[in-house]
Amino acid sequence: MTGPRSIHNLALIGFMGTGKSCVGRLAADAMHFTFLDTDHVIEARAGKPISDIFAQDGEPAFRGWERRIVEELTRREKTVIATGGGLPADPANLASLKTHALVVCLWASPESIWERVRGHDHRPLLNEDDPLARIRELLSAREPHYRQADVLVNTEMRSIREVAQHVIHQFHMAQSAHR
Ligand code: S3P
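Computed from a prediction, not measured in an experiment: that's the story for all the values here.

Engineer: How would you sum up the pairing of strand β4 (residues 101-107)? Please name residues and give values.
Structural biologist: Counting buried positions along β4 gives seven out of seven residues, so the element sits mostly inside the fold. Burial of β4 is two-sided: the residues A101, V103, C105 and W107 facing one way and the residues L102, V104 and L106 facing the other way are all buried.

In structure tokens form, the structure reads like this:
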């Protein structure tokens, strides 16, 4: 990254089930920021759930939606953005987020992720015979991208509230450093 960063927003990246939406909502409330979840924006624009977008239009169409939403985010201020788990796997998305947001990655082990997401059936990428193996495979493929975040937060030993507090603290420190 060259030149000074301007940090108006907080972007949460990380694998499915790491708590991006819950942490993001708590952090936004505490900071009096707007909360935005890229998956929800896509569902509202497409007029259907993500599982239908994957089934009817295919994953590339979904990734296209993500790219378009990411471009629009550059105009936001005071927003906490929770991103879909695969969004930062496109380096252009991550680079764009970094132009206006502190990018924080929430991390958890494959086993914890599986514990958190099992019982939910709205994630098309995990509708597989062996979802834990799929989580391991996707997580290791995405790890290099997640590690490009400004801050990496392990969510394993912390409550959602503690993670939110930690993230807010990191945001305030980054803002004062880049002011
Ligand atoms: C995806 C994660 C999901 C959603 C879509 C694809 C992924 O978001 O964007 O099902 O590729 O990891 P969450 O991380 O909010 O579950």
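Picking up where we left off.
Engineer: Describe the environment of L10, naming the residues involved and giving the relevant values.
Structural biologist: One can find L10 in strand β1 (residues 9-14). By relative accessible area, L10 is classed as buried at 0%. In this structure the C-alpha to C-alpha distance between L10 and F33, which are 23 residues apart in sequence, comes to 9.3 Å. The residues touching L10, leaving out its near neighbours within four places in the chain, are A27, M31, T79, V80, I81, A101, L102, V104, V167 and F171.

Engineer: Just give me the short version of the environment of G84, but keep the residues and values in it.
Structural biologist: Relative to the helices and strands, G84 resides in the loop between β3 (79-82) and α5 (91-98). Considering only alpha carbons, one finds G84 and H40, 44 residues apart in sequence, at a separation of 9.5 Å.

Engineer: So what's going on with the environment of A89? Residues and values would help.
Structural biologist: Within the element layout of this structure, A89 appears in the loop between β3 and α5. Given a relative accessible area of 32%, A89 falls into the partly exposed group.

Engineer: Explain the nonpolar core to me, and be specific about the residues and the numbers.
Structural biologist: With 33 residues, the main nonpolar core has I13, F15, L97, V103, I113 and Y146 as its most contacted residues. The set of elements that each furnish at least two residues to this core consists of β1, α2 (38-46), α3 (50-57), α4 (59-73), α5, β4, α6 (110-117) and α7 (131-146). Looking at this core, the element that brings in the most residues is α4, giving five residues. Apart from the residues within four sequence positions on either side, F15 is in contact with K20, G85, L106, I113, I135, L138, L139, R142 and Y146.

Quick notes on the rules
- Residues numbered from 1 in each chain as written.
- Predicted model: local features only at pLDDT ≥ 70, side-chain atom pairs only at ≥ 80, totals over all residues.
- Heavy atoms only, no water.
- Buried < 20%, exposed > 50% of the residue type's maximum accessible area, 1.4 Å probe, protein only.
- Helix = DSSP H or I, 4+ residues; strand = E, 2+ residues; numbered from the N terminus.
- Contact = heavy atoms within 4.5 Å.
- Core = buried A, V, L, I, M, F, W, Y, C linked by side-chain atoms within 4.5 Å.

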